[in-house]
There are 2 protein chains.
Amino acid sequence: MRSSAAEPVRVVLHPRYPRGVEEALRAVDGIELVEPSDDDGVVEALGDAPVLVTFVWDDRFLTPALRWIQSVSVGVEQYPIEALRERGVALTSARGVNAPQVAEHVFALLLALTRAVGISMREAERRIWRPRMGEELEGRVMAVLGLGTIGEEVARRAQLWGMEVVGTKARPKGYRGHAVRVFPPEGTVEACRLADVVVAVLPGGDSTRHLVGREAFDALGRGWFVNVGRGSTVDTSALLDALDGGELRGAGLDVFEDEPLPADSPLWSHPRVVLTPHIAGLSPLYGPRLTRIFTANLEAFRRGRGWTNRVV
Amino acid sequence: MRSSAAEPVRVVLHPRYPRGVEEALRAVDGIELVEPSDDDGVVEALGDAPVLVTFVWDDRFLTPALRWIQSVSVGVEQYPIEALRERGVALTSARGVNAPQVAEHVFALLLALTRAVGISMREAERRIWRPRMGEELEGRVMAVLGLGTIGEEVARRAQLWGMEVVGTKARPKGYRGHAVRVFPPEGTVEACRLADVVVAVLPGGDSTRHLVGREAFDALGRGWFVNVGRGSTVDTSALLDALDGGELRGAGLDVFEDEPLPADSPLWSHPRVVLTPHIAGLSPLYGPRLTRIFTANLEAFRRGRGWTNRVV
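Residues numbered from 1 in each chain as written. Chains lettered and ligands numbered in written order. Predicted model: local features only at pLDDT ≥ 70, side-chain atom pairs only at ≥ 80, totals over all residues. Heavy atoms only, no water.

Considering the pattern of salt bridges
Formally: For this document, the term salt bridge refers to a Lys or Arg side-chain nitrogen within 4 Å of an Asp or Glu carboxyl oxygen. In this text, helices come from DSSP runs of H or I with a minimum length of four residues, and strands from runs of E with a minimum of two, each type numbered from the N-terminal end.
Following the criterion strictly, the structure yields 40 salt bridges over all chains and no others. Between A:Arg156 and A:Glu153 there is a salt bridge, and its shortest N-O distance comes to 2.9 Å. Taken as a pair, A:Arg156 and A:Glu153 lie in helix H6 (residues 149-160) at a separation of three residues, close to a single helical turn. Between B:Arg157 and B:Glu104 there is a salt bridge whose closest N-O contact spans 3.4 Å.

Quick word on the relation of the copies chain B and chain A
Which entries qualify depends on this criterion: Alignment of the copies relies on least squares applied to C-alpha atoms, considering only residues that score at least 70 for pLDDT in both. The criterion used for residue contact is that any of the two residues' heavy atoms lie within 4.5 Å.
With an RMSD of 0.1 Å, the fit of chain B onto chain A corresponds to turning through 180° and sliding 0.0 Å along the axis. Here the two chains are linked by the operation of a two-fold rotation axis. Counting the interface residues of chain B, we find that 100% of their copies in chain A are interface residues as well, pointing to one common contact surface.

Focus: unusual backbone geometry
Here A:Glu259 and A:Pro260 are connected by a cis peptide whose omega angle stands at -10°. Structurally, the position occupied by A:Pro260 is in the loop between strand S11 (250-253) and strand S12 (273-275). Within the chain, B:His210 stands out as a residue other than glycine whose phi angle is a positive 55°. Looking at where B:His210 falls in the secondary structure, it is placed in the loop between strand S9 (197-200) and helix H8 (214-220).

Regarding the sheet that holds strand S5 (residues 90-92) of chain B
All names here are of chain B. Our working rule: Each pair of strands is called paired provided DSSP finds at least two bridges between the two strands. To obtain each axis, a line is fitted to C-alpha atoms, and for helices this fit is confined to the stretch in contact; angles are then taken between N-to-C directions over 0 to 180 degrees.
In spatial order, the strands read S2-S1-S3-S4-S5; together these five strands make up an open sheet with parallel pairing. Both edges of this open sheet fall to strand S2 (31-34) and S5, since each of them pairs with a single strand only. When the angles between neighbouring strand axes are averaged without regard to direction, this sheet yields 20°. Summarising the sheet, strand S1 (residues 9-13) and strand S3 (residues 51-54) pair through three bridges and their orientation is parallel. Looking across to S3, one finds that Leu13 is bridged to Val53. Running at roughly 165° to strand S4 (residues 68-71), helix H10 (residues 286-303) makes contact with S1, S2, S3, S4 and S5 of the sheet.

Let's talk about the environment of B:Pro80
Residues and elements named next belong to chain B. What counts here: Relative accessibility thresholds used throughout: buried, under 20% of the residue-type maximum; exposed, over 50%; partly exposed, between the two (1.4 Å probe, protein chains only).
Within the fold, Pro80 resides in the loop between S4 and helix H3 (81-87). Taking relative accessible area as the criterion, Pro80 reaches 21% and is therefore assigned partly exposed. On a C-alpha basis, the gap between Pro80 and Gly148 in space is 22 Å, while along the polypeptide they are 68 residues apart. With sequence-adjacent residues up to four places away left out, Pro80 is seen in contact with Trp57 and Asp59.

Thoughts on the sheet that holds strand S7 (residues 164-168) of chain A
Strand-to-strand pairing in sheets goes through backbone hydrogen bonds, with the strands running parallel or antiparallel. Residue and element names in this part refer to chain A. Here we have seven strands laid out as an open sheet, ordered S8-S7-S6-S9-S10-S11-S12, and parallel in their pairing. Here the strands that pair on one side only, and so sit at the sheet edges, are strand S8 (181-183) and S12. Taking each pair of neighbouring strands and ignoring which way they run, the sheet shows an average axis angle of 15°. Relative to S11, strand S10 (residues 224-227) is paired through four bridges, and the arrangement is parallel. Each bridged residue has a counterpart across the sheet, and for Val226 the counterpart in S11 is Gly252. Across the sheet, helix H4 (residues 99-114) is in contact with strand S6 (141-145), strand S9 (197-200), S10, S11 and S12; its angle to S10 comes to roughly 150°. Relative to S11, helix H9 (residues 236-244) is tilted by about 145°, and along the sheet it contacts S10, S11 and S12.

Here's what the structure looks like:
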């Protein structure tokens, strides 16, 4: 006789997810993976399946059968938190799946600015050989805006390479991380004033909208700025003014206020901008890491306790 | 009465040197800095000055008055070592002045490959938004070809970021550095076989010519290659074959067999190549670091012992 803990759990995978997630989930024991091809199919499958793995949300997904959502994204702004709470539906995030690749991406963008790789690539496309003096990061100060799991990984690597790190955090009380000084979000400008390099790893939403604006760029002065969080956190027109009329030495951008970046954006061709098309989080190890979280939470789902990254 | 140790020493600065060296040397106490505008002026000044600070060599510089050459370069292939030894002329190199900036440049080139910054910049010039999956360095193996002062700094940073390092060294006996396994130059192919990333930091000269050739690229296989040493150490046609017909995932190049890179080179526009125009060693801290070596050696010159980086 099989124990009930071994009964396969029906898990619905929304058709939109990062590459590698499907393969990794298929290898999980003890689940029956349902893979609809569109939103309607997801709604139908959730008629009797209790688990949804998803990146996007539609209110029709909140069926009576739904008991647990494993988000494929780290951010959870898209979910109706209150409604889930009222209905007793668990929500777990993918926090941690992005830290190594995003931290490496931050330095890819930053070093492309400080070592003149970005401008050299623009000139290589025109076969121009023009040596330029690069700079050194060692000994400089980095401000990490948003010292969460990813921000700490950025801070850790910066510190290992001889930089000093300060930063901001929504709830700085009791902070124990790699930054030597931490400010609440209201201290963003003060953190920028201490820095040679500002790295934004902020989530989206109303509370962070244009948090990095004119005052922050003025405070940073003759330094570099990198954004791998959300485009909405930066006032793009203030950024362009800092690049063109101000002292900002360069901007490394993976995210933008409008994505894909509109064809008429001056950021495309700006000599002091290095940009990538929202790829900081992409990695072949995304799926395997998400699946480790999912597998731990599958056990928690069966036992009713021991959740990882539980939001609701 | 002034002691003889306090007599100003006449020091000739060759007109070709990296930016920042002149300003830094001018601030050194106890020397009279002579700054000719061409090679003839250097020869004339060395009629009675005993010290030459230089990047380039001309046999006419070997005057009877010359007692000490402080090289502005790390490599010393350009000097007539035997002739200097016979004439009792001291030669000191600039070893150490390049380590931080070249190490950061290595990672700038490497991360531009692994995080798709290079190809994204080529596409940005054409306003193309095309997300690509990047890779992670953490957990991978790097082979550093040439574990000298710079190579060790590359190895140290790689290790701090969770990579395992192997490498080659001209004289591996008694090695105590950051690599877990070290081979002599004859083990280059074996080191490449162990690696996901090969970083060449080799000096030029006959003994290293085309050391990185077809066999090395075959051994590396599906990995990345970075060269910040000398262009002559790489067989460019084997490199191109590995990029086009082989498995090589990308090449980050700061040095080339012909410099400036000829206009008809396919490397300029290759989608899997990231390149910079021989700038890895450039840094505003080059002058100050060289001056620290020079100042220590000025004291050694006066006392006849205690040299730093002495080659002859």
